[in-house]
Amino acid sequence: MSGSASFFDAVKARRSVYKISSESPIPDEKIEEIVKTAVKHAPTSFNSQSSRAVLLFGEEHKKLWDITLNILREIVPAEQFPTTEAKIKNFAAGHGTVLFFEDQDVIKSLQAKFPIYHDQFPIWSEHANAILQFIVWTALEQEGLGATLQHYNPLISPKVQATWNLPTNWTLVAQMPFGAPAAPPAERTYAPVEGERFLVFGKQ
């Protein structure tokens, strides 16, 4: 298989796997390599390289989801909390979590250097981070791990920064819990593409 076919096989295989276990088919060193390589090579506007990542394993991973659960316990209505708790415990049962951040100092420096694009740089940085998230997610899937993308920020952001002593200019964007799949993902359905989500003009 050559060309784009193998790439799109990986794209198609990436799924949201909510039920994960603490097992991993690959060593932690390989997971670290995946995230580090993705951070290095993910494209960014103006080559800003503003994306940051933190990789949590073991007790540090569990600590993140304990923090999340305790914060949610204070704001989620009691009658809804059991569902929320079960969801968070599914994430905590995983092997690890990748935290994704954007460095606001980098963004501010670009805003100062290129004021004509001032309002666009925060948007472009979110685009870049999304690309990084997709690369990591797809690579983990290819290694036999299941993952999802979560967004408990900004609720958990101050506690996350304090707990791991992270730079205050790093803004938390997303959380990706991962582990060996413990149940298959839900069936995926697709809205029509041609004529609705994809248009072509000037085709020869």
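Residues numbered from 1 in each chain as written. Predicted model: local features only at pLDDT ≥ 70, side-chain atom pairs only at ≥ 80, totals over all residues. Heavy atoms only, no water.

**Student:** Please clarify how the packing of helix H2 (residues 28-41) against helix H6 (residues 121-142) should be interpreted in this entry.
**Tutor:** Helix-helix packing is characterised by the crossing angle of the two axes and by the distance between the axes. Look at H2 against H6: their axes get within 9 Å of each other, and the N-to-C directions meet at 150°. Put simply, H2 runs roughly antiparallel to H6. Crossing geometry of H2 relative to H6 is assigned as right-handed. Touching Ile 31, Ile 34, Val 35, Ala 38 and Val 39 of H2 are Leu 132, Ile 135, Val 136, Ala 139 and Leu 140, all from H6. Residues that form the contact of H2 with H6 fall into these classes: ten nonpolar, no polar and no charged. (Axes fitted to C-alpha atoms, helices over the stretch in contact; angles between N-to-C directions. Helix = DSSP H or I, 4+ residues; strand = E, 2+ residues; numbered from the N terminus. Parallel < 35°, antiparallel > 145°, perpendicular 65-115°, else oblique. Left-handed = near helix turned anticlockwise from the far one by under 90°. Contact = heavy atoms within 4.5 Å. Nonpolar A, V, L, I, M, F, W, Y, C, P; charged D, E, K, R; others polar.)

**Student:** Looking at this structure, how should I read the side chain of Arg 52?
**Tutor:** Inspection of the secondary structure assignment puts Arg 52 in strand E2 (residues 51-57). A distance of 2.6 Å separates a polar atom in the side chain of Arg 52 from the backbone oxygen of Gln 49. Excluding anything up to four places from it in sequence, Arg 52 contacts Leu 99, Phe 100, Phe 101, Asp 103, Val 106 and Trp 170. (Polar contact = N/O pair within 3.5 Å; in protein donor to acceptor, adjacent residues only side chain to side chain.)

**Student:** Sorry, what's going on with the packing of aromatic side chains here?
**Tutor:** The way to describe two aromatic rings as a pair is by their centre distance and the angle between their planes. Under the defined criterion, the tally for this structure stands at 13 aromatic pairs. An angle of 85° between the planes, with centres 6.0 Å apart, marks the rings of Trp 65 and Tyr 152 as edge-to-face. Taken together, the positions of Trp 65 in helix H3 (residues 58-73) and Tyr 152 in the loop between strand E4 (146-147) and helix H7 (157-163) put the pair 87 residues apart, joining distant regions of the chain. Here Trp 65 matches Tyr 152 in class, with each residue buried. (Phe/Tyr/Trp six-rings, centres within 6.5 Å; stacked < 30°, edge-to-face > 60°. Buried < 20%, exposed > 50% of the residue type's maximum accessible area, 1.4 Å probe, protein only.)

**Student:** I would appreciate a short explanation of the nonpolar core in the present structure.
**Tutor:** The nonpolar side chains of soluble globular proteins are, as a tendency, buried together. Leu 64, Leu 99, Phe 101 and Val 160 are the most contacted members of the largest nonpolar core, which has 21 residues in total. Every element with two or more residues in this core is listed here: E2, H3, helix H4 (81-92), strand E3 (96-103) and strand E5 (170-181). The element that contributes the greatest number of residues to this core is H3, accounting for five residues. Not counting chain neighbours up to four residues away, the residues in contact with Leu 64 comprise Leu 56, Thr 97, Leu 99, Ile 156, Val 160 and Trp 164. Formed by 18 residues, the second largest nonpolar core is a distinct cluster that contains Val 35, Phe 100, Leu 140 and Phe 178. (Core = buried A, V, L, I, M, F, W, Y, C linked by side-chain atoms within 4.5 Å.)

**Student:** Looking at this structure, I do not really get the pattern of salt bridges. What am I missing?
**Tutor:** Pairing of side chains with opposite charge becomes possible as their charged atoms draw close. Counting across every chain of the model gives five salt bridges. The salt bridge partner of Lys 89 is Glu 85, with a shortest N-O separation of 3.4 Å. With Lys 89 and Glu 85 both in helix H4, this residue pair falls four residues apart, about one helical turn. By relative accessible area, Lys 89 is classed as partly exposed at 49%. (Salt bridge = Lys/Arg side-chain N within 4 Å of Asp/Glu carboxyl O.)

Purely geometric stuff here, so don't read any function into it on its own.
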